[in-house]
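# Overview (structure and organization)
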Amino acid sequence: MTADDNKLLTTSSPSRWWHFSSWSLKTQFLVVFSTIIVVAGGLTLVICLGMVHALGDSVSSSADHVILKNTRSNAADLGNEIASTISLQLQDISYSICRSSALYASVLLASAEENVANGTIWKPARSYREFNFAQGCHEPYCPSDFGAIHTRSRIPYLPGYLNGSMRHSSVFLFDKRIGAAVRNTSAWNQQLNDHPDVDTVINALAYEDTDFRVLYETGPSSTVMFYLSAAVTPAGASAPTHVVHRTYPGIEKNQSSYDPSQRSWFAQAPINGTNVYGPYVESFTKQIVLTLSSKKRRVLQTGATVDVVAGAVLLIQDVASIIRQIDYPQGGFAALVTFGDHRVVVWRDDRDVYDAATGQFLTVADVDPALAAHDLDSNGVFSYADANGTDWVVTTRSLFASDTTRRPSFVVLVFANRHLAEAPLRQMNAHVSSTTAHVTTTTLVVVFATVGVVLCLVLLLVAYIAGPIERIRRIARDVVAMTAEDDDQKDFQPMLSQAAALLSRRDEIGVLCSDFYDVVCLLDGRLQQRRATPPFPANPLAPVYAALVAERAGDAAAVELKDVLAAYLAAHQAPPPPSSLSATGDATVAGGDAVAAAGDELDVLASMMPTALQDKPPPRAADAKAMAAMKTAASAKPPSVCASLRSQLSAVSLVLVAGLVIAMAVTVARVRREGDSWTVESGADLERYQLQNLEALALVKRRFVQTYFEQIALDLRVGATTFDALLRGDLARDGFVAAQLFFPSASIDPANTFYGGDAPSYARSGYFSPSDADCASSGTCGATQTANATRLTSLADPKLRAYFYADGATTFNAAPAACLISAASLDDAFCRARYDASKCGDPSRAAYPAYDARCRSWYTQAARAMAAGDALRAVFQYPRLSSGGQFVLTTSVAVADAANASAVAAVVSSNVLVTTLSAAVNELTVLASGYAFLVDARNASSLILHPRASAACTRVACAEGFASAAEYAAFVAGPLAAIEAAAATAGANTTLVTAYRKGGRTWRAVVSFVSLATVAATPTTYALVVTVPQREVDEAARDTQRAIDATVATMVAVFVVAIAVFVAALLLVTRRLIAAVVRPLDDVRAVVRRVVHDESDAVDEAHALPERASSLDMRTLLEAVAQLLVALRFGAEMFARGRHAQAEGVFRDALRVFRATENARGVGASLNNLAAVCLAQGRLDEAERLYREAIAVGDALLGAAQKTAAASAAAAAASASVSDAAAARRDAARCEQLARTLSDRRGNLAAVHLERGDFVESFALLEALLREDRARGYVRGCVVKQGTLGQFYLRQGELPSAARVFASADAYIAQLLRQLRAQTAQQALAWDSDEVHAAQQIARYNVGLVTAAHAKDAAATAAFAAALCEPPVWHVATAAKIVAALDDCVAQTPGAEDTRRLLQEAARQLHVDVFGEAGSLLPLGGGGGGG
């Protein structure tokens, strides 16, 4: 046995349990696929859930960032708008009341000096001394309206005991030299006599009462009191000596020590600037107030210096109303604190910020220490948590520089509750959690469903693979077991049926099953052939030999071998039916050569190899034909690619991949769908939040616009009141003329120092148009209307802040280039006549009429308002193109004639550049590109303000830039109609939120109404539209959507990479798994196919099988195939041909196989044959041991068989059943066969004794065996055992002894033949004639050996020829030996070449396989009749 042969059975060696190859296919597949599934499923779950969590985190982070950004941005926008509105309100009070009053007072001082010096136009003003303001005071000491003022004041906070005047201020004179007020008439008069400069100041400042009254009645409701104070420093003095202090409303100061110049509002008031003092609690109202003050310094002609300070006391509640009127989004609020020291002015929930006990205001540190830790003075945004744990986003905006250092006065704080602002985030997080749960559930369901399907497929596939493999293993095991049986006990039909059941498969296992089916068919066919062939076939040469003997008159000696062979070949051109003439023995040993055979147990396998036997069908035609038809049908179908194991395993893998892909796709789809849902829901919340913020911004801007327009009207009314006083004669003396109202700018404010660089952000100009009579009488209308060269054109202009901005670039007296008569003026007869008589109405005329203010729309509309009873009321026009070519918004106020209240004496107007006003309203953008515009609420298509408005574009349709008429029509039918409907009802107090299309995009608009009811009898209502693109409102949602899209894209990328990696890994694993299953099957199939095609190397070279098995199933299959190959190799042919070493390997493999399968008959046969090899090689001790083991096995088998036979015989006798009787006969025959086999093995043991020289024991054993064989009728056994003794003598050279033994055997056979010919009944039962004739051939072959031992001559040839040709039947093994002996003898006989050729040709025709391809004799392992 070669080293490679030893590898064959290494697959049966046990492996440790943790070795993968020690597991069954089922376990391997389950472990591999379960591992793959667990890894893949876990990876899928990890990826899916991880990406869902990542998506949630990303979306949450993005939403949190967006919400925080929007919250900060919105809070900043609100803070900016509130700061701008408060600044505007404070600025208007500063400019209109404080700065203008200070400048006006300084102008009046100059005028008063001229009046005193020249005795010109001014009437002396009435001044009322405050110390007279006591109960019961009356004219001339107190104003005529003196009395309790709390019922007449618009301020409800004045105490009831307080008396005063609502028409005049009270004058307080403080003498700084004595540190007390002048509180009696004599002292007062003395002071005026002694100090004329003080008298001048008191008289000049009295003219402010009219203005104060207008400001108080029509100005901001927040102003409680107006102060106008002057500190007089005589020429040459270093400090003021007197302070004149006027208070409006006129009241009494109850402190004699009150020194206005020491008050902060006076002392800190900057020249040409504004100071803010406060907050503090005002002594009369007990309310928290601010005081705004401004200073103007004037040096009188006497050299005295007068510091005039105008001040206004402002209620904090009015500022607070700006802050508190807003509905802040997400529970926010706003606060106002002072810059630097952070005293609280306004806090949330109307909190009392003043501590009356300490007289101190609370600071931010008092109300919220955590907030105080942040920098509140720098404009910015920050987050913090208050003492209650509430998170706030705070924006800070400083405002209103109150002095020349530009230091802010206040800080607006806008708070946004981050918890409430993040409600959409929490809702989104809840959705994310819900989605995560759903995705988890869905993914788990898909993954587990995939796991279940894949495991089921794996189990089915394992069953599909392992089941046939197990069947093949069982078939191979059964074949191996069957080889150990006698031919009459062998039955391959069950195995054929099992193999046929697997023929329908078209995969690798199906092909292997087909090949195994061929093997079993082959074995079954040969078995049936052997059963059909007699144990001792008829001698084909005997008839020819008998005929030749008869031709020669019975002289057998005259018949030569050559003649017999020639006659046979001549009569048999075609080969006769196979005669199974193989060179194998019958498991006996003849003489010293010890030829081992499988005749007792494995003779079928020994005769399996001849090619001719493959084509003979088994005798059971019906079963065979059915199986052959099934085999043909199966083989007719080519192996299917789809049905291959590779395809099946790949399909399982694809199912797994498909399941994971589905799980991931479901996750992506669910996340995509849920993400869209998150976007929609959170987007709706964020949109609602943005719209709430837009509403808040609209409210603040509304207040800004309202303040702006009210201030314009207020300025005009103050100026108009001055004109009215002048025209009524309240200021001027009798004989006053209009021309004297104008002063050269050099005499008033030549450097225009009052405003300096602090001019307002909007420009205004004022016009005064005297009556027709004044124009006619003075002839100065042109001069009046062309006084545009001066900065301050009239006494009223300081109140109007009248700046010309090149509107008077054209000379009014020159011929204008266009018609300057407005269409609104054509109802007036004067204007109509001028229109018709000029180029305006008649293009054939040469020129347009000269400019006349009375024919301008602002004059005409103001005159109409006065005629309707609205004298001194402001009239707002639509934007128009001024005569100077500027696009302006004009506001005008008519002044009635003193003699005729229905006649117009003058009209004061103010122009504001629309672009400037629009820029002021839109100084802060809404979101990224939103803006605000103003329309007439009752005619909403008419613009008042718009960033894109111009002289050529004064309608909404133009300014808004609609892309189509359909868009504009929808806008008119939607937002504009809603505005007009709300304006016509109480809805003007509401806020509208609407949407419209513009330029193909959606815009959102928030509409707030601006009602100017305080400046006109019929309220003017504007609609402030704050509009912003929908995409900016949705920006937060889009940011979230972008985050979702990015995360989903990342998920898809990760999934694709994961799937690719997993597929690659799965393909690698599947490929290896397929190789582990298919390659062994292919190797086994290749070996089996070679066996089927009679390639003897496939049987001999069992090491062609894989050395190691990939699994337990493959190992058992390989073991079974290896055992089958061993069984196929198990025969005497190799031994008979002299290949003892190879035969020993085969027998040892067979021994292991039979022991492994617990086949006692095979074990015994293997031990017997191994002993024969050892005997042939002279290993006598080992041969004896093996023979004794074989004999022991035989004894055990015979004993068991005898018991079975006895039981069967008893059962047959008891039942008298035919089947029982047949069974009893079979069991009895089996016992007989086992007894003969046991006798042969003992005979072989006797041969060992002979070789060892133990003649006594050998002879005693042989004699006992001969007696037993004769008694049993085992004739062949008798001859073989005698031949064993003769062979021994022959090898020892004792030819006489050998001849005597062989002759005795031949004589015994001859005696038996004579008895058989006597045909006695008793002898016929004991002896088998064919067996006797076969024994005769053996005996004569042994005789021929003795003859040949003397000389291989004609006598030896004749002896062998007689042994070959004369017996009527053949002993197949002995016949082959005789042919070999004849060939040897003929080869040594001169001139016998033809005889040898005929012998070899006849041997081939008779299928006696003793010659090689070149005709050389194959080694048969020596002589020995036993065969």
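Just above, that's the structure.
Residues numbered from 1 in each chain as written. Predicted model: local features only at pLDDT ≥ 70, side-chain atom pairs only at ≥ 80, totals over all residues. Heavy atoms only, no water.

### Here's the deal with the nonpolar core
One finds Phe29, Phe516, Phe1360 and Leu1364 to be the most contacted residues of the largest nonpolar core, which totals 174 residues. At 20 residues, the largest contribution of residues to this core is made by helix 11 (residues 423–483). (Core = buried A, V, L, I, M, F, W, Y, C linked by side-chain atoms within 4.5 Å. Buried < 20%, exposed > 50% of the residue type's maximum accessible area, 1.4 Å probe, protein only. Helix = DSSP H or I, 4+ residues; strand = E, 2+ residues; numbered from the N terminus.)

### Some thoughts on the state of the cysteines
The full count for this structure, using the stated rule, is four disulfides. One disulfide bridge connects Cys137 with Cys142, the sulfur atoms lying 1.7 Å from each other. On the sign convention where negative is left-handed, the bridge of Cys137 and Cys142, at about 100° about the S-S bond, is right-handed. For Cys137, a relative accessible area of 16% corresponds to the buried category. At a sulfur-sulfur separation of 2.0 Å, the disulfide partner of Cys819 is Cys840. Judged by the sign of its S-S torsion, about 115°, the cystine formed by Cys819 and Cys840 is right-handed. Of this pair, Cys819 sits in the loop between helix 21 (797–800) and helix 22 (829–836) while Cys840 sits in the loop between helix 22 and helix 23 (857–867), and the two are 21 residues apart along the sequence. Overall, the relative accessible area of 28% leaves Cys819 in the partly exposed class. (Disulfide = S-S within 2.5 Å.)

### Overview of the sheet that holds strand 11 (residues 333–338)
In spatial order, the strands read 12-11-17-16-15; together these five strands make up an open sheet with antiparallel pairing. Strand pairing shows two members of the sheet lacking a second neighbour, strand 12 (344–346) and strand 15 (380–385), which therefore form its edges. For this sheet, the mean angle separating the axes of adjacent strands, direction not counted, is 30°. Strand direction decides the pairing type here: strand 11 and strand 17 (residues 408–417), joined by six bridges, are antiparallel. Considered in strand 17, the bridge of Ala335 is made with Leu413. Its contacts with the sheet place helix 7 (residues 316–324) against strand 11 and strand 12, and it is angled at close to 70° to strand 12. (Pairing = 2+ DSSP bridges. Axes fitted to C-alpha atoms, helices over the stretch in contact; angles between N-to-C directions. Contact = heavy atoms within 4.5 Å.)

### Re the pairing of strand 8 (residues 275–281)
For strand 8, the tally of buried residues reaches five of seven residues, placing the bulk of the element in the interior. Of the pairings in the sheet, the one linking strand 8 to strand 9 (residues 288–299) comprises five bridges and is antiparallel in character. Considered in strand 9, the bridge of Asn275 is made with Ser293. Connecting the antiparallel pair strand 8 and strand 9 is a turn made up of six residues, with Lys286 showing a positive phi of about 60°.

### Some details on the packing of helix 12 (residues 493–500) against helix 13 (residues 508–532)
Running from N to C, helix 12 and helix 13 point in directions that differ by 160°, and their axes come no closer than 9 Å. For the element pair helix 12 / helix 13, the angle class is roughly antiparallel. The handedness of the crossing between helix 12 and helix 13 comes out as left-handed. Across from Gln493, Met495, Leu496, Ala499 and Ala500 in helix 12, the residues of helix 13 making contact are Tyr517, Val520, Cys521 and Asp524. Within the contact of helix 12 with helix 13, the residues separate by chemical class into seven nonpolar, one polar and one charged. (Parallel < 35°, antiparallel > 145°, perpendicular 65-115°, else oblique. Left-handed = near helix turned anticlockwise from the far one by under 90°. Nonpolar A, V, L, I, M, F, W, Y, C, P; charged D, E, K, R; others polar.)

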